[in-house]
Amino acid sequence: MSDTLETLRFLSVGHARRIASQVGTPVYIYGEAPLEAAAKAVLAFPNAFGLTARFAMKACPNGNILRFFSNLGIGLDCSSGFEVERALAAGILASRITLTCQEIPENLASLLKRGMAFNASSLAQIEAFAKAKPRGELGLRINPGLGSGSTNRTNGGGPAASFGIWKDAVDEARALADQLLVKVVRLHTHIGSGSDPAVWQRGAGMSLDFMDGFPEVKAFDLGGGFKVGRMAGEKTTDLQEVGLPVKEAFEAFARKTGRRLHLEIEPGTWLVANAGALLTTVQDIADTGAEGYRFLKV
């Protein structure tokens, strides 16, 4: 390892050498300072009437990181029953966990009994929730018809995304919840991974339009998907820039309806992407000449 190696944002050459000698390689290393700085930025997300932030743990399910964010006041967004079990094993309280999934866990009833919150992403999931927790309170994930991402495969909303209840079926979902005597207290959207404040403002406005049919809804969950730059030249979402238009939309909604909605967000990669490194040992070098490449074998 060369002494001229450029120092990472949180990992110096000296630190890397000491860690390699103590625990060997390969090994993942995380920096507490960048994790804390990112967490503080998320907790400062602009909001009109209160904020709940959750870490989308699919971005990094390391138990120490889950506990670190929890201690700073950030809850957990889980996308499968397996993630919920991993979070519980790490010591995270079920009451700090919200599950928004594609496959319903077999033990949904027991997880709900422990205090976990749940967002239904389909009509079938509303029925499953009503069976698991009669007369319970749940959230609905809605696909508002808008996506934000570099391709339609990174869009979490719009016609190319299977996530959430399609906008034209929202009335049917509301009627089903009423029929099954479950109470909708949260609407949830996640439009994808993008950094354009105008798209987020539009997405928030479109989703707020659904609120009229849900008078008992207390919280609006905008999900995550905030773009983070990991390579030189890549743009990172400015959370203040993205959040201010949303805050203004909440304030306008309150003036119009008298309802002060609580904001929820669920960033994942944005919190951890630039706070981790994989440390390896170079075991061999291959060179294919001036017109080729130099390969490091680790």
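In this report, we go over the structure that sits alongside the text. (Residues numbered from 1 in each chain as written. Predicted model: local features only at pLDDT ≥ 70, side-chain atom pairs only at ≥ 80, totals over all residues. Heavy atoms only, no water.)

Time to look at the pattern of salt bridges. Side chains that differ in charge, positive against negative, can pair when their charged atoms come close. In total, this model carries 10 salt bridges according to the counting rule given. Across the salt bridge formed by Lys40 and Glu36, the nearest N and O atoms sit 3.5 Å from each other. In this pair, Lys40 and Glu36 are both assigned in helix H2 (residues 32–43), four residues apart and thus about one turn of the helix distant. Classification of Lys40 as exposed rests on a relative accessible area of 53%. The exposure class of Glu36 is partly exposed, given its relative accessible area of 25%. The structure contains a network of salt bridges with shared partners spanning Arg54, Arg186, Asp221, Glu264 and Glu266. (Salt bridge = Lys/Arg side-chain N within 4 Å of Asp/Glu carboxyl O. Helix = DSSP H or I, 4+ residues; strand = E, 2+ residues; numbered from the N terminus. Buried < 20%, exposed > 50% of the residue type's maximum accessible area, 1.4 Å probe, protein only.)

The next thing to look at is helix H7 (residues 170–179). All buried positions along H7 are accounted for by Val170, Ala173, Leu176 and Ala177. An end-on view of H7 places all buried positions within 120° of arc, on one side of the element. The outward face of H7, more than 90 degrees from its buried face, is lined by the exposed residues Asp171, Asp178 and Gln179. At its buried positions, H7 is contacted by helix H6 (123–132), strand E6 (137–143), strand E7 (165–166) and strand E8 (183–188). (Arc of directions from axis to C-beta. Contact = heavy atoms within 4.5 Å.)

Now for the pairing of strand E13 (residues 294–297). Alignment of strand E12 (residues 284–287) against E13, held across four bridges, turns out to be antiparallel. Each bridged residue has a counterpart across the sheet, and for Ile285 the counterpart in E13 is Leu296. (Pairing = 2+ DSSP bridges.)

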